[in-house]
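Close look at the chain arrangement
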Number of protein chains: 2
Amino acid sequence: MKTPSTLEQLIQALRVLPGVGPKSAQRMAYHLLQHEQAGAARLARALADALQKLHHCARCNTFTEQEVCELCNDPYRDDSQLCVVEMPADLLRMEQTLVFKGRYFVLMGRLSPLDGIGPRDIHFDRLLARASDGKVREVILSTNFTVEGEATAHYLAESLRARGLQVSRIARGLPVGGELEHIDSGTLAQALIERRAL
Amino acid sequence: MKTPSTLEQLIQALRVLPGVGPKSAQRMAYHLLQHEQAGAARLARALADALQKLHHCARCNTFTEQEVCELCNDPYRDDSQLCVVEMPADLLRMEQTLVFKGRYFVLMGRLSPLDGIGPRDIHFDRLLARASDGKVREVILSTNFTVEGEATAHYLAESLRARGLQVSRIARGLPVGGELEHIDSGTLAQALIERRAL
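Small disclaimer: the values here were computed from a predicted structure and weren't measured.

1. Some details on the relation of the copies chain B and chain A
Superposing chain B onto chain A takes a rotation of 180° combined with a translation of 0.0 Å along the rotation axis, leaving an RMSD of 0.1 Å. Look at the turn and shift together and you get a two-fold axis relating the two. Among all residues of chain B, the minimum C-alpha distance to the rotation axis is found for A44(B), at 2.1 Å. Comparing contact sets, 100% of the residues at the interface of chain B also lie at the interface in chain A, consistent with an isologous, same-surface contact.

As structure tokens, then:
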């Protein structure tokens, strides 16, 4: 008694998803076949569609269906500021603040030498070319405040400054509504060290 | 700035997978597009293939590509014993023991009134018809020892016994190699209550 080969292939194929091991791939396959045939068909189509239509924006590197994305094409954005984020999701979060009116560059990752992710994987050359277009005055590094995000920001800052660009980093500190009593001491220490003059 | 619609559709479509919320669907979509284009194409094909080719075995209800599965077609299996399991994965585990030589019936679930899963959803009528084929002498209930699995076994036992069939339940107790010191007391209590005469 073997698992039918189409079922086995589906279970194997599901393991391509991040964080999905053999057990959950099996559970997912049974769930789809048993309770979500329509959803599974939709997923198959969505995957094929996305693979066919989506690619990287020629300017900011985010995912788009056009050659250059909507935001890069928007004539009303400020060409002098370039905000560097790790992922498209970070770009969207940034846009939700309604505060930033400049342009973006999406690294599609972060430096992580232990995982073999070097400057080439975060499209470092394209970022340098993009930032050197003659219009960009300031590069705002908005990578995460994780170890990898910080290392990435540090690396990019050095290289961009060496090319005469003004470089900044989004602020670190207490969240809005944050109370000292409930904040971790690492954040509180940084908030103290990076205090602003009033 | 909006997410491209094909990307949005892929993220929505991924949420059909069990245990995948909006955040992990987004992470999965980016991962597939960024690092696993070939894997995503394979997944799209595997889904379409599985939906087209797999259906339930007419006899035991497991997934198969034929009308009746390999195991149900095997002339060397014992027709007098019918082992009832919740899922195809349980059937495979059972086969790996190499101890059982009878036939199977796969419920494709378990009774769970709180989730609205009743006798119809576990194909109760088909099980009754299968067990009443005149050849089956003993039905071995091998649902899990969870609350739902136990309730399912209890329900099935009553109905099957009422039709004059001999019904049994797989044993509960310490695992092979299990040490009393490390076993939970519920299992130990049951192992004591259900002790065998030697």
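2. Thoughts on the sheet that holds strand β4 (residues 103-106) of chain B
Residue and element names in this part refer to chain B. With respect to topology, 4 strands assemble into an open sheet ordered β4-β3-β5-β6, the strand pairing being parallel. Since the sheet does not close on itself, it has two edges, and those belong to β4 and β6 (166-169), each with one partner. Taking the axes of each pair of neighbouring strands and ignoring which way they run, one obtains an average angle of 25° across the sheet. Pairing of strand β3 (residues 81-85) with β4, which is carried by 4 bridges, proceeds in the parallel orientation. Residue pairing for β4: V84 is matched across the bridge by F105. Contacting β3, β5 (138-141) and β6, helix α7 (residues 147-162) runs over the sheet at an angle of about 165° to β6.

3. With respect to the UniProt feature "zinc finger region: C4-type" (unreviewed entry) in chain A
The UniProt entry lists residues 57-72 of chain A under the feature "zinc finger region: C4-type" (unreviewed entry), expressed in the numbering used here. Helix makes up 19% of residues 57-72 of chain A and strand 12%, with an end-to-end C-alpha separation of 8 Å.

4. Topic: the layout of surface pockets
The computed volume of the largest pocket comes to approximately 900 Å³. Surrounding the largest pocket, 29 residues form its lining, M87(A), A89(A), D90(A), R110(A) and N144(A) being those nearest its centre. Broken down by element, the lining of the largest pocket gets its largest block of residues, 7 residues, from helix α2 (residues 22-35) of chain B. Looking at the second largest pocket, its volume works out to about 750 Å³.

5. Regarding the sheet that holds strand β3 (residues 81-85) of chain A
Residue and element names in this part refer to chain A. Across the sheet, which stays open at both edges, the 4 strands sit in the order β4-β3-β5-β6 with parallel pairing between neighbours. Edge strands, defined here as strands with exactly one partner in the open sheet, are β4 (103-106) and β6 (166-169). Pairwise comparison of adjacent strand axes, ignoring direction, gives a mean angle of 25° for this sheet. Its contacts with the sheet put helix α7 (residues 147-162) on β3, β5 (138-141) and β6, and the angle it makes with β6 is roughly 165°.

6. Re the nonpolar core
Considering soluble globular proteins, one finds that nonpolar side chains tend to be buried as a cluster. Grouped together as the largest cluster of nonpolar side chains are 78 residues, with contacts concentrated most on L17(A) and L17(B). Filtering out sequence-adjacent residues up to four positions away, L17(B) remains in contact with L14(A), L17(A), M28(A), L32(A), L43(A) and M28(B). One finds L82(A), F105(A), L141(A) and V167(A) within the second-largest nonpolar core, a separate group that totals 19 residues.

Analysis parameters
- Counting restarts for each chain: residues are numbered from 1 in the order of the written sequence.
- For naming, the first written chain is A and the first written ligand is 1, with later ones following in the order written.
- Per-residue local features are limited, in this predicted model, to residues with pLDDT of at least 70; the limit for side-chain atom pairs, both in listing and counting, is 80 or more; totals at the level of whole chains, interfaces and linings are taken over all residues.
- With hydrogens and water excluded, all non-hydrogen atoms of the structure serve as input to the side-chain values.
- Superposition of the copies used a least-squares fit over C-alpha atoms from residues whose pLDDT is at least 70 in both.
- The contact rule is simple, with two residues in contact once any of their heavy atoms fall within 4.5 Å.
- Between any two strands, pairing holds if DSSP finds at least two bridges.
- Runs of H or I in DSSP of at least four residues are treated as helices and runs of E of at least two as strands, each being numbered from the N terminus.
- Fitted lines through C-alpha atoms serve as axes, helices being fitted only where they are in contact, and the angles separating the N-to-C directions of these axes extend from 0 to 180 degrees.
- UniProt positions are given in the numbering used here, feature names are shortened, and annotations may be inferred rather than shown by experiment.
- A cavity here means a set of 1 Å grid points, computed over protein atoms only, where a 1.4 Å probe fits but cannot escape. A pocket is an open set with protein on both sides within 12 Å along at least 5 of 7 lines, and lining residues have an atom within 4 Å of a point.
- Grid points are joined across faces, edges and corners, and a volume is the space filled by probe spheres set on the points.
- Residues grouped as a nonpolar core are buried Ala, Val, Leu, Ile, Met, Phe, Trp, Tyr and Cys residues, joined through side-chain atoms within 4.5 Å.
- Burial classes follow relative accessibility: with a 1.4 Å probe on protein chains only, a residue under 20% of its type's maximum area counts as buried, one over 50% as exposed, and anything between as partly exposed.

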